[in-house]
Amino acid sequence: MKYLVMVQGTQADYEAMQGKGSEGSVAWSQEDIQAMFAHMQGINDDLAESGEMIDAQGLVEPAKTRHVTLGDDGKAVITDGPYSETKELLAGYWVLDCASLERVTEIAERVLQCPQPAGAPVYPVVIRPIGEAPEDIG
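As named in an unreviewed UniProt entry, the chain is YciI family protein, taken from Streptomyces coerulescens. One UniProt comment on the chain, placed under Sequence similarities (unreviewed entry), says "Belongs to the YciI family."

Listed below in structure tokens is the structure:
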């Protein structure tokens, strides 16, 4: 079964990783950043070696996001980020092909062990099975 494993973050978290801490996100040092990337690279290497990795990407900060919606007149309304009404956004993801939900949950638990500075917010890791047939939707 294929799964989408997602990590979340906020604009403040991205700014904290650039050394600009705030009330909700403590500033990260270069050592913190290097430890985080080393941890994630270790996960990626293991998943590639096991054959479970299909894709994995980190996403750029929410300030570089764009929402495209329909206005009342049926025309596109384009809004550049960040969005004050939105808290956490998708920060990165893995698409994995795992033998079971238990296995992908083990991987998500490992993602949660990512080192970060004391006081940094911790977000849940979200696992969503990927439907491969129309009957998977229901």
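Novice: Please clarify how the sheet that holds strand β2 (residues 53-58) should be interpreted in this entry.
Specialist: To summarise the sheet geometry, strands pair through backbone hydrogen bonds and adopt either a parallel or an antiparallel arrangement. Judged by pairing direction, the sheet is antiparallel, and its 4 strands sit side by side in the order β2-β5-β1-β6 without closing on themselves. Whereas interior strands pair on both sides, the edge strands pair on one side only; in this sheet they are β2 and β6 (126-129). Within this sheet the neighbouring strands show an average axis-to-axis angle of 20 degrees, counted without direction. Where strand β1 (residues 2-9) and strand β5 (residues 89-97) come together, 8 bridges link them in antiparallel fashion. Bridge pairing in β5 links M6 to Y93.

Novice: Can you walk me through the environment of L59 in this structure?
Specialist: When you line up the elements, L59 lands in the loop between β2 and β3 (66-70). Along the sequence, L59 and Y93 sit 34 residues apart, while their C-alpha atoms lie 8.2 Å from each other. Beyond its immediate sequence surroundings of up to four residues, L59 is in contact with Y14, L90, A91, G92 and Y93.

Novice: Whenever I open this one, the nonpolar core confuses me. Can you help?
Specialist: Soluble globular proteins tend to bury their nonpolar side chains together. If you look at the biggest cluster of nonpolar residues, it comprises 22 residues, and the most contacted ones within it are W94, L96 and V111. Elements represented by at least two residues in this core include exactly β1, α1 (11-17), α2 (30-50), β5 and α3 (101-112). Of the residues forming this core, the biggest block, 5 residues, is contributed by α2. The residues contacting W94, other than those within four sequence positions of it, are Y3, L4, V5, V7, M40, I43, N44, L47, M53, D55, A56 and V111.

Calculation criteria
- Residues numbered from 1 in each chain as written.
- Predicted model: local features only at pLDDT ≥ 70, side-chain atom pairs only at ≥ 80, totals over all residues.
- Heavy atoms only, no water.
- UniProt positions renumbered as here; feature names shortened; annotations may be inferred.
- Pairing = 2+ DSSP bridges.
- Helix = DSSP H or I, 4+ residues; strand = E, 2+ residues; numbered from the N terminus.
- Axes fitted to C-alpha atoms, helices over the stretch in contact; angles between N-to-C directions.
- Contact = heavy atoms within 4.5 Å.
- Core = buried A, V, L, I, M, F, W, Y, C linked by side-chain atoms within 4.5 Å.
- Buried < 20%, exposed > 50% of the residue type's maximum accessible area, 1.4 Å probe, protein only.

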